Amino acid sequence: MAAGGLDTGWRIALCCLGWLAGMALQLQQPVLWPAAVDAGLCGGALVMAALGWRWRGGPAVLLLVAACAMLGAASTSQRAQARLAQGLAPDLEGADLVLTGVVASLPQAGPAGTRFTFEVESAQRHGRALAVPAEVPARVALGWYRNDRDEAFLAEPQADLRAGQRWRLPVRLKRPHGAMNPGGFDAELWWWEQGLRATGYVRVVAGWVPATLLADGVAHPVERARQSIRDAILREVRDPRLAGVLAALVVGDQAAIERDDWELFRQTGIAHLMSISGVHVTMFAWIAGLAFGWAWRRSTRLMLRVPAPTAGRWGGLAVAAGYALIAGWGVPAERTVLMLACGVLLRSLGARWPWLLVLMVAAVAVTLLDPWSLLQPGFWLSFAAVGLLLASESPDRREAGPADEPAWRRALRGHLRAQGVATLGLAPLSLVCFQQVSVVGFVANLVAIPCVTLLVTPLALLGVALAPLWQVAAWAVQALGWLLGAMADWPFAVWTVAAAPAWAVWAGLAGALLAVLPLPWRLRAAAVPMMLPLLWPPVQRPADGAFDLVVADVGQGTAVLVRTRAHLLLYDTGPQYSRESDAGQRVLLPLLRARGETRIDRLVLSHRDIDHVGGAATLFASLPVADTTSSLEAGHPLLQHGPHRPCEAGQSWTWDGVRFDMLHPTPADMASARKPNAVSCVLRVVDAQGRSLLVTGDIEAPQEAALVQRHGASLASTWLLVPHHGSRTSSTDAFLDAVQPTLALVQAGYRSRFGHPAPDVMERYRERGIAIERTDLCGAWLWHDGAASCTREVRRRYWHWNSHNSGVNAGADVANPSQAGELKP
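First, a word on scope: everything that follows refers to the structure included in this document.

Side note on unusual backbone geometry
For the peptide bond that leads from Val-132 to Pro-133, omega is 10 degrees, which places it in the cis range. Relative to the helices and strands, Pro-133 is located in the loop between β4 (128-130) and β5 (139-145). Along the chain, His-756 connects to Pro-757 via a cis peptide bond; the corresponding omega equals -10 degrees. Examined against the element boundaries, Pro-757 turns out to sit in the loop between β24 (743-746) and α26 (759-767). Of note in this structure, Ser-731 is not a glycine but carries a positive phi near 60 degrees. Phi at Arg-751 takes a positive value of approximately 50 degrees, unusual for a residue other than glycine. Its place among the elements puts Arg-751 in the loop between β24 and α26.

Things to note about the pattern of salt bridges
A complete count under the given rule lists 28 salt bridges for this structure. Notably, a salt bridge pairs Asp-96 with Arg-172, separated by 2.9 Å at the nearest N-O pair. In this pair, Asp-96 sits in strand β1 (residues 96-103) while Arg-172 sits in strand β6 (residues 166-174), placing the two residues 76 residues apart along the sequence. Its relative accessible area of 7% is what places Arg-172 among the buried residues. Of the charged contacts in the structure, one is a salt bridge between Arg-139 and Glu-119, with a shortest N-O distance of 3.5 Å. With a gap of 20 residues between them, Arg-139 in strand β5 and Glu-119 in strand β3 (residues 113-125) connect regions that are remote in the sequence. Through salt bridges with shared partners, a single network forms among Arg-162, Arg-230, Asp-231 and Asp-253.

Points about the sheet that holds β24
Ordered by their spatial adjacency, seven strands build an open sheet running β19-β20-β21-β22-β23-β24-β25, and the pairing between neighbours is mixed. Because the sheet does not close on itself, it has two edges, and the strands there are β19 (652-655) and β25 (771-774). The sheet shows a mean angle of 20 degrees between the axes of neighbouring strands, direction not considered. Strands β20 (658-664) and β21 (682-686) of the sheet are contacted by helix α24 (residues 701-711), whose axis makes an angle of about 120 degrees with β20. Its contacts with the sheet place α26 against β23 (719-721), β24 and β25, and it is angled at close to 140 degrees to β25.

Focus on the side chain of Thr-100
Mapping Thr-100 onto the fold places it in strand β1. Apart from the residues within four sequence positions on either side, Thr-100 is in contact with Phe-118, Glu-119, Val-120, Glu-121, Ser-122, Arg-166, Trp-167, Arg-168 and Leu-214.

Considering the side chain of Glu-93
Considering the arrangement of structural elements, one finds Glu-93 in the loop between α3 (58-84) and β1. At 4.2 Å, Arg-751 is the nearest oppositely charged side chain to Glu-93, a buried residue that forms no salt bridge. Reaching out from Glu-93, the side chain makes a polar contact with the backbone nitrogen of Arg-175 at a distance of 2.8 Å.

Some points on a nonpolar patch on the surface
A cluster of nonpolar side chains, namely Val-47, Leu-51 and Trp-55, defines an oily patch on the protein surface of about 270 Å² accessible area. The residue Val-47 is located in helix α2 (residues 35-54) in this model.

Examining the state of the cysteines
If you walk through the whole model with that rule in mind, you get two disulfides. The side chain of Cys-647 participates in a disulfide bridge whose partner is Cys-681; the two sulfur atoms lie 2.0 Å from each other. Here the S-S torsion is close to -80 degrees, and the disulfide linking Cys-647 with Cys-681 is therefore left-handed. Here the residue Cys-647 occupies a position in the loop between β18 (644-646) and β19, and Cys-681 occupies one in the loop between α23 (667-672) and β21, the gap between them amounting to 34 residues.

So, how was this worked out
- Residues numbered from 1 in each chain as written.
- Predicted model: local features only at pLDDT ≥ 70, side-chain atom pairs only at ≥ 80, totals over all residues.
- Heavy atoms only, no water.
- Helix = DSSP H or I, 4+ residues; strand = E, 2+ residues; numbered from the N terminus.
- Salt bridge = Lys/Arg side-chain N within 4 Å of Asp/Glu carboxyl O.
- Buried < 20%, exposed > 50% of the residue type's maximum accessible area, 1.4 Å probe, protein only.
- Pairing = 2+ DSSP bridges.
- Axes fitted to C-alpha atoms, helices over the stretch in contact; angles between N-to-C directions.
- Contact = heavy atoms within 4.5 Å.
- Lys, Arg positive; Asp, Glu negative; His and termini not counted.
- Polar contact = N/O pair within 3.5 Å; in protein donor to acceptor, adjacent residues only side chain to side chain.
- Patch = residues over 30% accessible without salt bridge, like charges linked within 9 Å, V, L, I, M, F, W, Y side chains within 5 Å.
- Areas by Shrake-Rupley, 256 points an atom, 1.4 Å probe, with all protein chains shown as cover.
- Disulfide = S-S within 2.5 Å.

Read these as layout, nothing more, since geometry by itself doesn't imply function.
Structure representation (structure tokens):
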């Protein structure tokens, strides 16, 4: 490119960078700017753009970059304002509604039921029409759950639920509300990005409006085609686990891959191959381009109109775009199609832009379609992979090898180089996003990339025309799975670290880029000390005699972390949300990884209720647990995992200057108890400064009275974990007067179907001047180094639920199977 052209290209690149920076700034807002600020930004951007267009030199470029940044911020804010206005009216939360609309996504069937996106055309409440989207959002996430829990009145999901069908459904909705924990998945962001402004479930009961299919195949032809292909794969391949992998590769149905398989793919670093990646789309475009070019050359008339190479490029692009649509149009596929489109267009115009410019333009195009994709790890991993591979190429191609080198050796060397660059360059980004990286990923990808890209994926795609090929592809996936399983069992197969501070993140990312750039090795060696703080980040621990406290947001359940200087105690493990999901997997493992915890020194399981021990099996399978204390009866399945002793009043121990005392149950309590709540392990923790925590499980009034009788004023504690989630069975006057907490902590689900915490119980606390924090409103509550914080406030963004836009305790759902964000993918 000529000097003038290069100058123009860099201007475009800098403007793209300004656009992305403006969007990134807007995405940090806890509350949206007023509309007047957006209007001012747009006006200022137009003035700056006009001046930058007329002027020349450096100031003009800065004006153009600033104008793009202001436009990026303002446009994103305006789109957010429009989306925020489509939320569910607070008085409709938990109400019985009747929605008429269309199934707009692939229904996801699982052991708990079926999940799907529903486009609302009309809505009613007791015969009164509701405005869409002013009162009821135009798109909602629904679950049609099986009656396998205490919601026995819920009808079985319809087996023939299909994309494109029009239904009339009786539902209950709530505003999007997910668990909010340090290092945890932001379900509310995912719902926001998908345009889902309410979640809920189908509620079919006798005497109420029945669920009625009104029409079939009325909309969403792409989703209908995806479902037809997926269902054909599931019928043809007998093993559902193998069929799920093929469905993910062909139609992008990543939910079809089972949880254990996803974990295996993550441990071996090949998870990117089991979704529709850029490699798959590029391969499809290349094959289709060759086929189009070959067919085009068969016609002299067509050759005279358009050259065959040009026709092949456009044909390959069109087929690749169609494949990306069938595959769900994820960020990697979207990025690849846009980059291919830029390349094809530029080649057709006779222009050659630098790779960095093409990458920047593609990034802008992606954010034009979805500004919030900037917050997704997939966006950065996808663009970083391409950027690192291109940046690492030597300008003079010294690595190209001798001219007479065999093609197979050149291809093998190129594959090794690309995998080395991707492994080294993306490892820091993986640590930032997921706090772990696969040590065996380099070796695993050397085998998996050609296997999946050149064998499994082509066979799976050809299976659409010739179904028996799906079984052949399944055998290849099975063989690959055996090999990956062996690699995952290698020592230190996965490197896990704590969440790193900002300075370590930036140093590690800069080090990764330096390591793969085509620079002298003496300069590249500086990358090692730059990346070390990210590989071994500093971990904050309390001083001797003090403890940190995390009251996790697990929905309707209990999980509390108590961390001394050298020991970790976990009290309960939260609920089991469904047969395929629990708090151990969803909440506690990400939380523990983010905090740099590699083992649990003592696990206390207060009693057998599933909302207290639901995540225990996952934790036992994922982390070393040195010791378990519980009130579980002999023969309980959880007792087979390592050393165990019953919790018993009178037990005590000291860790790092912090004292732990077990206050309940006594042996007599264990012998006479008629229900599990009565034998909940009650633990008191006291630090060297006299600050104390009383954790009570689900004890009820009789157990509270016994504690007051045995311990009296010595129950006094700084913090009290409210007994039984704030139920009316507990928190008696005498007990509160004995404990006299400064702060009461309530762990309960949002709009709990049990009505927890009960308003009259909370009033008892307020009458005594006791402050209250609830995990459904606060998210995880943390105490560290003398300061308390609510995760929901620390991480506050404008798309998050807040108490100002939703009624709290406005009447709990009679039944709500979707506690703690089960509708997320």
